[in-house]
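Okay, here's what each chain looks like letter by letter:
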Amino acid sequence: MVVEELLLKETILSVQSLKKYFPIQRTFIENLVKKETQYVRAVDDVTFNIDRGEVFGLAGESGSGKTTIGRLILRLAEPTAGKILFNGVDLESLQGEEFRRFRRKMQVIFQDPYASLNPRMKIGDAIGHPLEIHNIAKNREEKDRVLAMMERVGLSPATALYDKYPHQLSGGQRQRVAIARALILQPEFVVADEPIAMVDVSMRAMILELMMELKKDLGLTYLFITHDLATAKYVCNRIAIMYLGKIVESGPLQEVFSNPQHPYTEALLSAVPIPDPKADRKKLIPKGEIPNPINPPSGCRFHPRCPYAMSICSKDEPQLQETEKGHYVACYRLA
Amino acid sequence: MAGKIQVRSLSGFLARRLIGKGARGIEVYLAITGAVLLVVVISMTLLSPYIAPYNPIIEAGPALQPPSSQFPMGTDHLGRDVYSRVIYGSIVALEVSLISSLLSSLVGTPFGLLSGFLGGKTDRLFSIIMDSIYAFPGLILAIAIAAMMGPGVINMSIAIAVVYIPTYFRMIRGQVLSIKEELYVDAARALGARNSTILFRYIFANVIPSLVVVLSLNIADAILTEAGLSYLGLGIPPPTPDWGFDLSKGKSFLPGGYWWMITFPGLMIVIVVLGFSLLGEGLNQILNPRLRER
Amino acid sequence: MELLEVKDLKVYYYSDAGLVKAVDDVGFTLGKKQTLGIVGESGSGKSTLGFSIMRLVPAPGRIVGGSIFFDQENLLLKSEDEMRKIRGRRIGMVFQDPMTSLNPLMRIGDHLVETIMRHQTATKEQAMKRAEALLERLGISKTRIDDYPHQFSGGMRQRIMIGLALALNPDIVIADEPTTSLDVIVEAQIVELMRQLKRDFESSMVLITHNMGIVAELADTVVVMYAGKMMEISDSVSLYENPLHPYTKALLRSIPNIRLTSQELTFIPGLPPDLINPPKGCRFQPRCKYAMPRCAEEEPPLIKLETTRRVACFLHGG
């Protein structure tokens, strides 16, 4: 069983020591005085691997860096440092045509189902556009494939909806358009950035189920970026918890959720609202708020809010250590 | 003719908008009023040989006659029918304003697109050039160029066109800058779309509504500028009927009580400018709806 | 009579696209120190309902029928001047987006002082002292009293909003999606704060949200809205344990509960309702798996099943 697992696990995406620092605009005076440029350390030395066929969750609150990592992987932004390897190939080494071809294998589903669709493009054209871009199909054949895809994602009757514009559809329908568009190229890897956050509550499960069905049919791997741990629990195999640009804990989802070892993870899990008035709620609410990412706290970034902080926590940054099989935590408490 | 095609696409566009959205409200009436005025003026232009009772450049009757049943707008100092001159005058006005607006938009738009899209040094270079032109008071610049180039429809069009190029540049560039940040542009990049595809199908396609509005308002402005240039004698040489020129000539006869030579061309200018302005403003309100109170 | 009694309330929007029946025949009561949760998805009418209690429905909306009895007086019969005295002082409101609800040009200390002085008799010094005490209560250091809104984080601004709403000790606080734009941990902090303040100030609360989790944490009674109509109204415990209306059932089953080891999430098929041309009969019927022919013909009335439960569904009678 273990040998099989080892054989079957193949790394599709590898993120190594990834950093993204955004420089803050300096005012004219600051430029004159030659004040040092300050940076927002959105992603600060992040390393993880994603296995083919899994749903890898990247969870965190605002300022954690999870969305920026998604954009870096999609190369919508360039990293300040570090490497991203897709199927073993360093993305930075790809140029021009080669790079455009790689785009076919990696797609994205964004959070906002309205903003991610071109308001001037009929949805049939939008879904077929990737086929045009990559010269896969044209005209009649393209339209047939689009209609088939539309039916597949539940945009039915496809012929009636083909000529509609985004503003004529509901939020759930628009997200289905986004999914159809992303998957019509049959990519290998999909970055899903909060795909249901802006969809009505009663439709979310439908979108999730659709994504999982398509995953099975097309053999996809997902990077599932979210702030909603309850949803993450429903779909993710493994999960990494991020705080202020760093991964604080990662591992198999069931393991991390039932046995959280980082104080931030504990806090996060206990803070999730429970739709049950009789549930026993003991909230471990850390004091204060997420600090300014321009000047993160020294040492462990969580230490000012951590109920277990020790003196070493403010001096040295803890590194990720494996505590159980596949379960990594960056915290001095475990020593 | 350029005017006719514009009318068809404008009314079609309006019709689709109105029927499609079921829009009500004052902006629709603005646009419709403007459109109606323009349809009237443009048909007048096209049908001028058929509706003008007299040849506008030949003496038709005694000079300086007040409006009468024979000459509904009177005659000018050379005995020419003012009404016929007013009708024929629209040809020059529309020709010059439409040609110059077309030229300005054809030059200003690509520069605006490239500048906004590429950013960096290209953007800085283009912006500096355009801002310098923009800094000149419009009429003065038009006068300078027209004086250099001499009279004539084409020359006037070019002179006026130059003045308005920066307007298109700025507006398009501004729109490109904001649309560039939209999520659907990121989505297009993630799909692997080429820059040219993104620029045309994603960015430009969303800029077009604003472009139409600016075009409309630009034409209104251009008519005024053309009238101004002719008024100053830098426009079309006589005897071609031209509202601005007739205004200038009519001015000297006003103290003598001959009011009709200046009033009717002036009125026409106002009506046409109003038409294009209303259309432009109305379209602007339709395409960029703002919150409305009832 | 209870502190707040809403009866047969109708709020319609006269939009360009047509007549939108946003709130159609809604009624409920709210007692002292009680929290009422109004839940629904987008288009349910819950926010409009919240605004209408304060008579702040934005144009082109209008309250076209019903009554809102607050402390035994019908708010719909009051003049705008009288309403101004009630808003803030007796009914406070907390909005969703703390970014835009605070005047960016005003220091928060001045904001608090102005609010206190407008509705209560106090000298500037007294008001300032009360403002400082309030900030402490909210967990904000009083040294920040001279800061501007942009200097605070989203969570803190929301706390200030809540503080402003409670500063005058109103009888009712209406909170419209108070935590939707906040991070999970901040949300938990705000919920805890609201719970404490409710207790200390003894105010009633109307909590409007689509988040079934925080409703479970704070509400005593829950109203479930769909397409402008009330589907079910019930005490919180019964609603979650034994939802009666098919919509409530489906809604609860579509929400992941992180405490459960395994869950089968369901979704509601179909599209959200058209509020200009709502379906004939029961508005949920096109998407309801228990729909009977009668449901497409008649609208089910709200029937009282137990003292604390009412449902609008033919499955349960009527």
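Criteria and thresholds
Residues numbered from 1 in each chain as written. Chains lettered and ligands numbered in written order. Predicted model: local features only at pLDDT ≥ 70, side-chain atom pairs only at ≥ 80, totals over all residues. Helix = DSSP H or I, 4+ residues; strand = E, 2+ residues; numbered from the N terminus. Rg over C-alpha atoms; globule rule 2.2 N^0.38 Å. Buried ≥ 20, exposed ≤ 12 C-beta atoms within 10 Å, placed from the backbone. Contact = placed C-beta atoms within 7 Å. pLDDT = per-residue confidence, 0-100. Pairing = 2+ DSSP bridges. Axes fitted to C-alpha atoms, helices over the stretch in contact; angles between N-to-C directions. Domains from an automatic or database assignment. Nonpolar A, V, L, I, M, F, W, Y, C, P; charged D, E, K, R; others polar. Parallel < 35°, antiparallel > 145°, perpendicular 65-115°, else oblique. Left-handed = near helix turned anticlockwise from the far one by under 90°.

1. Some details on the overall build of chain C
Working step 1: The secondary structure content of chain C amounts to 10 helices and 12 strands.
Working step 2: For 318 residues, the compact-globule formula gives about 20 Å, and the C-alpha radius of gyration of chain C, at 20 Å, lands near that figure.
Working step 3: Across its three principal directions, the C-alpha atoms of chain C cover 65 × 50 × 40 Å.
Working step 4: Counting across all 318 residues of chain C, residues that qualify as buried make up 48%.
Working step 5: Once local pairs closer than 6 in sequence are excluded, the contacts in chain C between residues at least 24 apart make up 63%.

2. What about the interface of chain C and chain A?
Working step 1: On the side of chain A, 31 residues touch chain C, which itself brings 39 residues to the contact.
Working step 2: Counting residues per element, the ones that place at least two in the side of chain C that touches chain A are α6 (154–167), α7 (184–201), α8 (212–218), α9 (236–241) and α10 (246–253) of chain C.

3. Remarks on the confidence of the model for chain C
Working step 1: On average, residues of chain C carry a pLDDT of 89, and 100% of them reach 70 or more.
Working step 2: With pTM at 0.84, the complex prediction returns an ipTM value of 0.86.

4. Some thoughts on the sheet that holds strand β11 (residues 303–306) of chain C
All names here are of chain C.
Working step 1: The 8 strands lie next to each other as β6-β7-β8-β3-β9-β10-β12-β11, forming an open sheet whose pairing is mixed. At either margin of the open sheet sits one strand with a lone partner, and together these are β6 (91–94) and β11. Across the sheet, the mean angle separating the axes of adjacent strands is 20° when strand polarity is ignored.
Working step 2: Sheet analysis places strand β7 (residues 172–176) next to strand β8 (residues 204–209), joined by 5 bridges and oriented parallel. Within β8, the position partnered with I174 by the bridge is V206.
Working step 3: The strands touched by helix α1 (residues 46–53) are β3 (35–39), β6, β7, β8 and β9 (221–226); relative to β8, the strand with the most contacts, the crossing angle is about 150°.

5. Describing the domain arrangement of chain C
Residues and elements named next belong to chain C.
Working step 1: When cut into domains, chain C gives domain 1 (4–90 + 170–316) and domain 2 (91–169).
Working step 2: Using C-alpha coordinates to define each centre, domain 1 is positioned 28 Å away from domain 2.
Working step 3: In this complex, domain 1 contributes 27 residues to the contact, which on the side of domain 2 involves 19 residues.
Working step 4: For the side of domain 1 that touches domain 2, the secondary structure elements donating two or more residues are β7 and α7.
Working step 5: With 7 residues, α7 is the single largest residue contributor to the side of domain 1 that touches domain 2.
Working step 6: Split by residue class, the side of domain 1 that touches domain 2 holds 16 nonpolar, 5 polar and 6 charged.

6. Let's talk about the confidence of the model for chain A
Working step 1: Per-residue confidence for chain A averages 89 on the pLDDT scale, and 97% of its residues sit at or above 70.
Working step 2: Confidence drops under a pLDDT of 50 for residues 1–6 of chain A, and excluding neighbours within four residues, the segment shows 0 contacts in the predicted structure.

7. Quick look at the sheet that holds strand β4 (residues 61–70) of chain C
All names here are of chain C.
Working step 1: Reading across from one edge, β2-β1-β4-β5 is the order of the 4 strands in this open sheet, with antiparallel pairing throughout. Each edge of the open sheet is held by one strand with a lone partner, namely β2 (18–30) and β5 (73–74).
Working step 2: Along the sheet face, α1 touches β1 (4–15), β2 and β4 and points at about 65° away from the line of β2.

8. Concerning the packing of helix α5 (residues 120–135) of chain B against helix α7 (residues 153–180) of chain B
Residue and element names in this part refer to chain B.
Working step 1: α7 packs onto α5 with a crossing angle of 130° between their chain directions and a minimal axis gap of 8 Å. Our classification of the angle between α5 and α7 gives oblique. Considering how the two elements wind past one another, α5 and α7 form a crossing that is left-handed. Together, M130, I133 and Y134 of α5 and I165, P166, F169 and R170 of α7 make up the contact between the two elements.
Working step 2: Residue classes in the contact of α5 with α7 are distributed as 6 nonpolar, no polar and 1 charged.

9. Points about the environment of I91 of chain C
Residues and elements named next belong to chain C.
Working step 1: Of note, I91 is situated in strand β6.
Working step 2: Accessibility expressed as a C-beta count within 10 Å gives 25 for I91, which makes it buried.
Working step 3: Considering only alpha carbons, one finds I91 and M54, 37 residues apart in sequence, at a separation of 7.3 Å.
Working step 4: When neighbours within four sequence positions are excluded, I91 is seen to be in contact with I53, M54, I86, P170, D171, I172 and I174.

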